Amino acid sequence: VRHETEFIDNLCTDLGVEVQKDDVKNLKRIGKKGQKKTINNTETVIPRILIATLTEEAKAKIMRNAYKLSSSECYKKIGIKHDMSKEERLREAKLKKEAKEKQRNEASGNFIFLVRGLPWERKIVKIRKMQGGRNTQAVDAVKEGEVESG
């Protein structure tokens, strides 16, 4: 548990998030130690998944900064996701399929469609593509057929 606690502390520090000891309610790893999988004819040890239960405030801070993981050499292969119920996962899949269809039908090529938001209020967001930069300007949000301006 000590190694896992240090890992969470280092991860939060690198994300620029201050997390106190009492913000971490529970830590556990799932999966068998030393389990292997063959990928491209190479046997690889599968890392066990670390699950952390945090206070809502700490979770919100971490989720707001999770995008920073992809630019970190140490954490670029680590993903952080919301814990979702089966219904939320099914709704997520439906929204992603719908966003993909909207993307295919986008004639100008100037916009992309992404699924964004908290698990219980996910929506499709239309974002203007920016030249040489990140796609950050949300134009329209479509939530279950309604158009929201943004």
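Here's a quick rundown of the structure. (Residues numbered from 1 in each chain as written. Predicted model: local features only at pLDDT ≥ 70, side-chain atom pairs only at ≥ 80, totals over all residues. Heavy atoms only, no water.)

1. Quick look at the packing of aromatic side chains
Thought 1: Applying the stated rule across the entire model yields 1 aromatic pair.
Thought 2: Look at Phe7 and Tyr75: their rings are 5.9 Å apart centre to centre, the planes differ by 75°, and that puts the pair in the edge-to-face class. Note that Phe7 is positioned in helix H1 (residues 2-15) and Tyr75 in the loop between helix H2 (56-65) and helix H3 (86-105), a separation of 68 residues in sequence.
Thought 3: Judged by relative accessible area, Tyr75 falls into the buried class, the value being 4%. (Phe/Tyr/Trp six-rings, centres within 6.5 Å; stacked < 30°, edge-to-face > 60°. Helix = DSSP H or I, 4+ residues; strand = E, 2+ residues; numbered from the N terminus. Buried < 20%, exposed > 50% of the residue type's maximum accessible area, 1.4 Å probe, protein only.)

2. Considering the pairing of strand E5 (residues 111-116)
Thought 1: For E5 and strand E6 (residues 123-128), the ladder comprises 6 bridges, and the chain directions are antiparallel. If you follow Leu114 over to E6, its bridge partner there is Val125.
Thought 2: The turn joining E5 and E6, which pair antiparallel and follow one another in sequence, is formed by 6 residues; a positive phi near 115° is taken by Gly117. (Pairing = 2+ DSSP bridges.)

3. Overview of the environment of Ile46
Thought 1: Assignment of secondary structure puts Ile46 in the loop between strand E3 (42-45) and strand E4 (49-54).
Thought 2: Classification of Ile46 as partly exposed rests on a relative accessible area of 34%.
Thought 3: Each C-alpha atom, one on Ile46 and one on Lys32, is 8.8 Å from the other, the two residues being 14 residues apart in sequence.
Thought 4: Beyond its immediate stretch of four places on either side in the chain, Ile46 contacts Gln35, Lys36 and Lys37. (Contact = heavy atoms within 4.5 Å.)

4. Description of the environment of Lys21
Thought 1: For Lys21, the position within the fold is in the loop between H1 and strand E1 (24-30).
Thought 2: A relative accessible area of 77% means that Lys21 is categorised as exposed.
Thought 3: A sequence separation of 33 residues divides Lys21 from Leu54, and the C-alpha atoms of the two residues are 9.9 Å apart.

5. Some remarks on the nonpolar core
Thought 1: Ile8, Leu11, Cys12, Leu15, Val17, Val19, Leu27, Leu54, Ala58, Ile62, Leu69 and Tyr75 together form the largest nonpolar core, which totals 12 residues.
Thought 2: Only H1 and H2 provide two or more residues apiece to this core.
Thought 3: Broken down by element, the residue count for this core peaks at 4 residues, all from H1.
Thought 4: Once residues within four sequence positions are removed from consideration, Leu11 is found in contact with Leu69, Tyr75 and Ile80.
Thought 5: Judged by nonpolar contacts, the second largest core, of 5 residues, contains Leu95, Ala99, Phe113 and Ile124. (Core = buried A, V, L, I, M, F, W, Y, C linked by side-chain atoms within 4.5 Å.)

6. Side note on the side chain of Thr55
Thought 1: The residue Thr55 is located in the loop between E4 and H2 in this model.
Thought 2: The buried category is assigned to Thr55, whose relative accessible area is 18%.
Thought 3: The contacts of Thr55, once residues within four sequence positions are left out, are Asp22, Asp23 and Lys25.

7. A look at the side chain of Asp23
Thought 1: Here Asp23 shows up in the loop between H1 and E1.
Thought 2: In this structure Asp23 is buried but unpaired, with Lys61 as the nearest side chain of opposite charge at 5.6 Å.
Thought 3: Excluding its chain neighbours within four sequence positions, the residues that come into contact with Asp23 are Glu18, Thr53, Leu54, Thr55 and Ala58. (Lys, Arg positive; Asp, Glu negative; His and termini not counted. Salt bridge = Lys/Arg side-chain N within 4 Å of Asp/Glu carboxyl O.)

8. What to know about unusual backbone geometry
Thought 1: Despite not being glycine, Asn41 has its phi angle at roughly 60°, a positive value.
Thought 2: Position of Asn41 among the secondary structure elements: in the loop between strand E2 (36-39) and E3.

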